[in-house]
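Observations on chain architecture
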Amino acid sequence: MIKNSSEAYGWVSIALHWITAVTVVGLFALGLWMMSLDYYDTWYKKGPDLHRSIGVLLVLLVIFRLVWRLVNPKPADLPTHKKWEKVSAHIAHWLFYILIILMFPTGYFITTAEGQSLYVFDWFAIPSSITGVDLMADISGEIHEIIAFTIIGLAVVHALGALKHHFLDKDSTLKRMLGFSSKSTSE
Ligand code: HEM
Ligand code: HEM
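Counting of residues starts from 1 at the beginning of each chain's written sequence and follows it residue by residue. Whichever chain is written first is A, and whichever ligand is written first is 1; the rest continue in order. It should be noted that, the model being predicted, local features are given only for residues of pLDDT at least 70 and side-chain atom pairs only at 80 or more, the latter also being counted only at that level, while totals for whole chains, interfaces and linings use all residues.

Let's talk about the overall build of the protein chain
Going along the chain from the N terminus, every DSSP run of H or I of four or more residues is numbered as a helix, and every run of E of two or more is numbered as a strand. Looking only at helices and strands, the protein chain has 5 helices and 2 strands in total. For the protein chain, the sequential pattern of α-helices and β-strands runs α-α-α-β-β-α-α. Seen through its principal axes, the protein chain has C-alpha atoms that stretch 55 × 30 × 30 Å. Think of it this way: build a C-beta for each residue from its backbone, and any pair within 7 Å is a contact. Considering only residue pairs separated by 6 or more positions, the protein chain has 64% of its internal contacts joining residues 24 or more positions apart.

Structural notes on the site of ligand 1
Residue proximity rests on one test: whether the C-beta atom, placed from the backbone, lies within 6 Å of the molecule or strand. Neighbouring ligand 1 are 20 residues; A21, K74, A155, A159 and M177 lie closest to it. Among the elements of the structure, α1 (11-35), α3 (83-112), α4 (136-168) and α5 (173-178) are those that each provide at least two residues to the shell around ligand 1.

Focus: the packing of α3 against α4
Helix axes are fitted only over the stretch in contact, all axes being lines through C-alpha atoms; the angle between N-to-C directions runs from 0 to 180 degrees. One can describe the packing of α3 onto α4 by two numbers: an axis separation of 9 Å at closest approach and a directional angle of 155 degrees. When the axes of α3 and α4 are compared, the pair comes out roughly antiparallel. In this structure, α3 meets α4 at a crossing whose hand is left-handed. From α3, A89, A92, L95, F96, L99, I100, L102, M103, T106, G107, F109 and I110 reach across to α4, where they touch M136, A137, S140, G141, I143, H144, I147, T150, I151, L154, H158 and G161. Three residue categories are used. Nonpolar comprises Ala, Val, Leu, Ile, Met, Phe, Trp, Tyr, Cys and Pro, charged comprises Asp, Glu, Lys and Arg, and polar comprises the others, including Gly. In the contact of α3 with α4, the residues fall into 16 nonpolar, 8 polar and no charged. In these notes the angle categories are as follows: under 35 degrees is roughly parallel, over 145 is roughly antiparallel, 65 to 115 is roughly perpendicular, and the rest is oblique. Here is the rule for handedness: rotate from the far helix to the near one, and if that takes an anticlockwise turn smaller than a right angle the crossing is left-handed, while a clockwise turn gives right-handed.

Structural notes on helix α2 (residues 43-71)
Multiplying one less than the number of residues by 1.5 Å gives the expected span of a helix. Compared with an ideal rise of 1.5 Å per residue, which puts 29 residues at 42 Å, α2 spans 41 Å between its outermost C-alpha atoms and is within 8% of the ideal. Restricting attention to buried positions, one finds in α2 the residues R52, G55, V56, L58 and V62. In this structure, the buried residues of α2 make contact with α1, α3 and β1 (118-120). Whether a residue is buried, exposed or partly exposed follows from its count of other C-beta atoms within 10 Å of its own C-beta, namely 20 or more, 12 or fewer, or something in between, respectively; the C-beta atoms are built from the backbone.

Here we look at the site of ligand 2
Near ligand 2 lie 26 residues; those nearest to it are G31, G55, G107, G141 and A148. Of all elements in the fold, only α1, α2, α3 and α4 reach the threshold of two or more residues within the shell around ligand 2. Counted by class, the shell around ligand 2 contains 17 nonpolar, 7 polar and 2 charged residues.

A look at the environment of H165
Among the secondary structure elements, H165 is positioned in helix α4. In this structure the C-alpha to C-alpha distance between H165 and S6, which are 159 residues apart in sequence, comes to 19 Å. When residues no more than four places from it in sequence are discounted, the contact partners of H165 are D171, T173 and L174.

Quick word on α1
For α1, built from 25 residues, the straight-helix expectation of 36 Å at 1.5 Å per residue is met to within 8% by its first-to-last C-alpha distance of 36 Å. Regarding α1, the residues found buried are S13, V24 and L27. In this structure, the buried residues of α1 make contact with α2, α3 and α4.

Now the structure itself:
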């Protein structure tokens, strides 16, 4: 099933979810690692190039995901979920979308502060716009880092929530994001 139904996630949503999850964690690890390299390391330049390119593609993917969600609404919440669980899960989902998209402007301003373009592999370049602002790269870098840690913190809580539903509540929350969902909405 390509599209979501009122009870189950279709494979497009499932694939988008897991590709996003793996890429976010990968970019976080790559970001921290590349910042620890010294100038003579072969990855000193390659690391950030890769990080920026994959980052821009991720943001495009998340925008596509939002459009997909708009034309193909997500399955209904499980009836066994408590009100606070539904509300907090929805807030977390929207925060993910907003925070991941915010990684673009902050990453863009770190890259382009001195007038350089932002290259996405050698496929295309996004030109610089605002330059010459004092500390622009530093401040954008701080915000980029804070948002990165916030996304990862949120992901830990989000994953713990999914595991709690799976192992303690024994409902189908996680199974349906893995594509194992049966028609039943309560297990
Ligand atoms: C950085 C990593 C992750 C991000 C950014 C992320 C993001 C999201 C978002 C935005 C949704 C809402 C999907 C929709 O639009 O319908 C969602 C749902 C979900 N995620 Fe994640 N996720 C991440 C990691 C994980 C992990 C590690 C797990 C499992 C251990 C997980 C399990 C789930 C489940 C079960 C749902 C479905 C919730 C429901 O049906 O209401 N996610 N995730
Ligand atoms: C949207 C496209 C993105 C661009 C253009 C981008 C760009 C950059 C750049 C240029 C740096 C180097 C920072 C510096 O020199 O101070 C950086 C660092 C970093 N990025 Fe990204 N990034 C993007 C997305 C992401 C995403 C989605 C994550 C994951 C959550 C992430 C996590 C990090 C981390 C953890 C660092 C290291 C922060 C530090 O220690 O200062 N980035 N990024």
